[in-house]
Amino acid sequence: MNMIPYGQQKIDTADVDAVTDILQNGWLTCGPKVTEFENHLAEYVGTKHVIAVSNGTAALHIALLAAHIGKEDWVVTSPNTFLASANCAEYVGAQVWFSDIDPVSYNLDPVLLEKNWKKGTKAVVAVDFAGRPCNMPEIARIARERGAFIIEDAAHAIGSRFVFEDKEYKVGGHPWADLTTFSFHPVKTMTTGEGGAIATDNDELAERCRVLRSHGMQKTRADEPWYYEMSELGYNYRITDIQCALGLSQLNKLDRFIQKRQEITDRYNKAFADRDWISCPQLFKQSAFKSSRIAWHLYVVQIDFSKIGKNRAEVMSELLKKGVGTQVHYIPVHTQPYYQNKYGYHTGNQPIAESYYEKCLSLPLFSGICEVEVAQVIDAVLELIK
Ligand SMILES: *Cc1c(COP(=O)(O)O)cnc(C)c1O
């Protein structure tokens, strides 16, 4: 029996050749492949600057630093995300505020964001959950009216697009985020092993991200080439040329990866459509804003566990016995002991994210999954109720 994980990278011989070539002939770090990867990515998402870094968390950290977010500032994010979207605010000494999600998109709900706006908020970290773009035009309106930066955590959403007022925009290449971050961890849609990137159209923010990526070092004198200055504390968040060679090769295939994920999503949607105990990701059609291409990173269903008479742990173990790996995205971040202890946040604060969490389950979704495996997943899920 095949063991199917919930997510997995897809590496082919072109990827292996690209990496081998660098190992034999190239710079290992700080070389031309880094710049080439940044340029290709900038072109792909339609932005002016891309700064590639060691991982998606590092990208969020220096995005906040570049935006001068620090002590006394509040940063608001979604409770339905990976820890990093909130932790980045803690790294810079800022405080974390959560705002609840929309029950259809599972993204930050702009209405609640505006209603529960915390005085002193200087940045919004908007997470494109599962690959679905947030309503960025509306989030940006709310944030900009209140003088806050907009950081889009697009770790799930490389290649996603949305339509606003009849025009299509790409995640990473639209005017409603000051900085957009990506992750290239192996479970994400494309990989560099570990890796991340920041996209921005803003020259000054881009330059700050570059400097912060490498210890805060700046070359300030053309006539004294050895000379550098550090005026601000930076980090070693560099990515290697080996990783960027892999990233370039993966980027060539990204649209095919996305297409494949879309096909799998369609098959799941069809298979589970008429069951009253499982609900699939819903598309929603607001008038001014809607997704035009969701580059699905996760396929998350909501299961009514009481209806099938099994709890989630039992369901996961039953599926695992049939070779189907599943995962839970996400435990609401405000209920983590760290955030509970530090801020007094608790279960009950973000009821929509919490009730979503009670029912969510992520099924296998990755571009290397084969037809037989998709059928295996569908059968195993439908057999949960007999
Ligand atoms: C994966 C992920 C990150 C962090 O990326 P890493 O590359 O693992 O550091 C940040 N935000 C979200 C929503 C993620 O899924």
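These figures come from a predicted structure and were not determined experimentally.

> Describe the packing of aromatic side chains, naming the residues involved and giving the relevant values.
Between two aromatic rings, the relevant description is the distance of the centres plus the angle of the planes. Taken as a whole and assessed by the stated rule, the structure comprises 21 aromatic pairs. With centroids separated by 5.1 Å and ring planes inclined at 10°, the aromatic side chains of tyrosine 235 and tyrosine 237 adopt a geometry described as stacked. We classify tyrosine 237 as buried; its relative accessible area is 17%. Among the aromatic side chains, those forming a connected cluster through ring pairs are Trp74, Trp97, Phe98, Tyr338, Tyr339, Tyr343 and Tyr345. Geometry around tryptophan 74 places lysine 118 over its ring, the cationic atom sitting 4.6 Å from the centre. Its guanidinium or amino end placed over the ring of tryptophan 117, arginine 146 lies 5.6 Å from that ring's centre, counting from NZ or CZ.

> Just give me the short version of the sheet that holds strand 7 (residues 167–170), but keep the residues and values in it.
Overall, antiparallel pairing links the 3 strands, which are arranged 7-6-13 in an open sheet. In this open sheet, the two strands that pair with only one neighbour each are strand 7 and strand 13 (289–293). Sheet twist, expressed as the average angle between the axes of neighbouring strands with direction ignored, equals 35°.

> Now, about the domain arrangement of the protein chain: what can you tell me, with residues and values included?
Taken as a whole, the protein chain is organised into domain 1 (13–253) and domain 2 (255–385). Relative placement of domain 1 and domain 2: their C-alpha centres are 25 Å apart. Taken together, the contact between domain 1 and domain 2 spans 49 residues of the former and 40 residues of the latter. Counting each side, the surface lost to burial between domain 1 and domain 2 is near 3900 Å², with a carbon and sulfur contribution of 57%. Here lysine 342 makes a salt bridge to glutamate 90, at a shortest N to O gap of 2.7 Å. Among the secondary structure elements, those contributing two or more residues to the side of domain 1 that touches domain 2 are helix 4 (84–91), strand 3 (95–98), helix 6 (136–145) and strand 6 (161–164).

Parameters at a glance
- Residues numbered from 1 in each chain as written.
- Predicted model: local features only at pLDDT ≥ 70, side-chain atom pairs only at ≥ 80, totals over all residues.
- Heavy atoms only, no water.
- Phe/Tyr/Trp six-rings, centres within 6.5 Å; stacked < 30°, edge-to-face > 60°.
- Buried < 20%, exposed > 50% of the residue type's maximum accessible area, 1.4 Å probe, protein only.
- Lys NZ or Arg CZ within 6 Å of the ring centre and 35° of its normal.
- Pairing = 2+ DSSP bridges.
- Helix = DSSP H or I, 4+ residues; strand = E, 2+ residues; numbered from the N terminus.
- Axes fitted to C-alpha atoms, helices over the stretch in contact; angles between N-to-C directions.
- Domains from an automatic or database assignment.
- Contact = heavy atoms within 4.5 Å.
- Buried area = accessible area lost by both parts, 1.4 Å probe.
- Salt bridge = Lys/Arg side-chain N within 4 Å of Asp/Glu carboxyl O.

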